[in-house]
Amino acid sequence: MAATELIHLSYDGNFQLETDAKVILCKVIFPSGEEEPLSSAKIELQLDKTSMHPQGGGQPTDIGSIQSNNESDGVYTAQIDKVTIDRDSGVVTHSGSITLSSSDNRAVTDAIFTPNSSVKVSVDPTNRQFLSECHTAGHVVDAAMARCQKLLPPTKGYHFLDGPYVEYKGSIDSKDREEFLSQLQEAYQQLIDEDIHTQIQTLPVDEAEELCNHLAQNFNMSDFTSPLDENPSVRVVTVAGWNCPCGGTHVRSTGVLKERGWCVKGLRCKKGVVRVRYGPKEE
């Protein structure tokens, strides 16, 4: 099975919330293991392309809907609450539940989302906006660290809304932490105020290597390529002037982060790991 085309990987696709696609595979799952009303079933869909971001790279799954485009076959919709990707094959699976029109008396044995049928994929815009802000805000931490001349190798980015943070390999002397945190918070806000536009490009591995590792050997490019690619390339996202290999979604500029008041919230150093917590301003 061919890999799913991920619309969000291009710059324009990053902001595209809808796309028309073709069904490759549909699997209907009944919770009890026995056939029940179709409206109670769970569904898994694989498509030729998708505008939804699958969970991974530190960013949560998109949510949204997939609706049939074949009016003669009845209108039905899958409400998608989880999108995953098989890293070996590149195939994306959309998981959720089925919503039928009130007049649809479809039997459990009737086919839905048949192979090669046309569907419309729609991303939940409110959820995507918040997640994109969260991911961009995490990259601004990287840029702020660089502005403070603290070039530590990043080891983990947790861009979930329940307490996002970025971790780095290294340490900051205990006597310097309070002052450094203040400098980092100031640099972070400066980068937001400067309203720096986000760039997204897909580059050959050697060009990505030169662009992202020109200041420090922070990234292993083999972590961002697929063994299936004959001519491997790397998607590079530039946030606040800081280049980073990344497969996530982002906002158009750092200035977008002003409205929710994204900021650096804290700093912790333990066992050779520096964790920088960030998030939106609390109401």
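One structure accompanies this document, and this report is about it. (Residues numbered from 1 in each chain as written. Predicted model: local features only at pLDDT ≥ 70, side-chain atom pairs only at ≥ 80, totals over all residues. Heavy atoms only, no water.)

1. A few points about the packing of aromatic side chains
- Scanning the model with the defined rule gives six aromatic pairs in all.
- Considering the side-chain rings of Tyr-158 and Phe-160, the 4.7 Å spacing of their centres and the 10° angle between planes classify their relative orientation as stacked.
- Exposure remark for Tyr-158: the relative accessible area of 21% places this residue in the partly exposed category.
- Ring pairing ties together the aromatic residues Phe-130, Trp-262 and Tyr-278, which thus form one cluster. (Phe/Tyr/Trp six-rings, centres within 6.5 Å; stacked < 30°, edge-to-face > 60°. Buried < 20%, exposed > 50% of the residue type's maximum accessible area, 1.4 Å probe, protein only.)

2. Considering the sheet that holds strand S15 (residues 273–279)
- Read from one edge of the open sheet, four strands run S9-S10-S15-S14, paired in antiparallel fashion. Edge positions in the sheet fall to strand S9 (154–158) and strand S14 (263–270), since each has one partner strand and no second. Neighbour to neighbour, the strand axes of the sheet diverge by 15° on average, direction disregarded.
- Relative to S15, strand S10 (residues 165–169) is paired through five bridges, and the arrangement is antiparallel. If you follow Val-166 over to S15, its bridge partner there is Val-276.
- Contacts from helix H2 (residues 177–193) reach S14 and S15, with the element oriented near 145° to S14. (Pairing = 2+ DSSP bridges. Helix = DSSP H or I, 4+ residues; strand = E, 2+ residues; numbered from the N terminus. Axes fitted to C-alpha atoms, helices over the stretch in contact; angles between N-to-C directions. Contact = heavy atoms within 4.5 Å.)

3. Structural notes on the pattern of salt bridges
- One pass over the full model with this rule turns up eight salt bridges.
- Lys-120 serves as the salt-bridge partner of Asp-20, at 3.2 Å between the closest nitrogen and oxygen. With Asp-20 in strand S2 (residues 18–29) and Lys-120 in strand S8 (residues 118–123), the pair connects residues that are 100 residues apart, well separated along the chain.
- A relative accessible area of 44% means that Asp-20 is categorised as partly exposed.
- Given a relative accessible area of 29%, Lys-120 falls into the partly exposed group.
- Overlapping salt bridges, with partners in common, bring together Asp-173, Lys-175 and Asp-176 in one network. (Salt bridge = Lys/Arg side-chain N within 4 Å of Asp/Glu carboxyl O.)

4. Let's talk about the sheet that holds strand S11 (residues 199–204)
- Strand order in the open sheet formed by three strands is S11-S12-S13, and the pairing between neighbours is antiparallel. Each edge of the open sheet carries a strand with a single partner, namely S11 and strand S13 (242–245). Ignoring strand direction, the axes of neighbouring strands in this sheet form an average angle of 30°.
- Pairing of strand S12 (residues 233–239) with S13, which is carried by four bridges, proceeds in the antiparallel orientation. For Val-237, the partnering residue across the bridge sits in S13 and is Cys-244.

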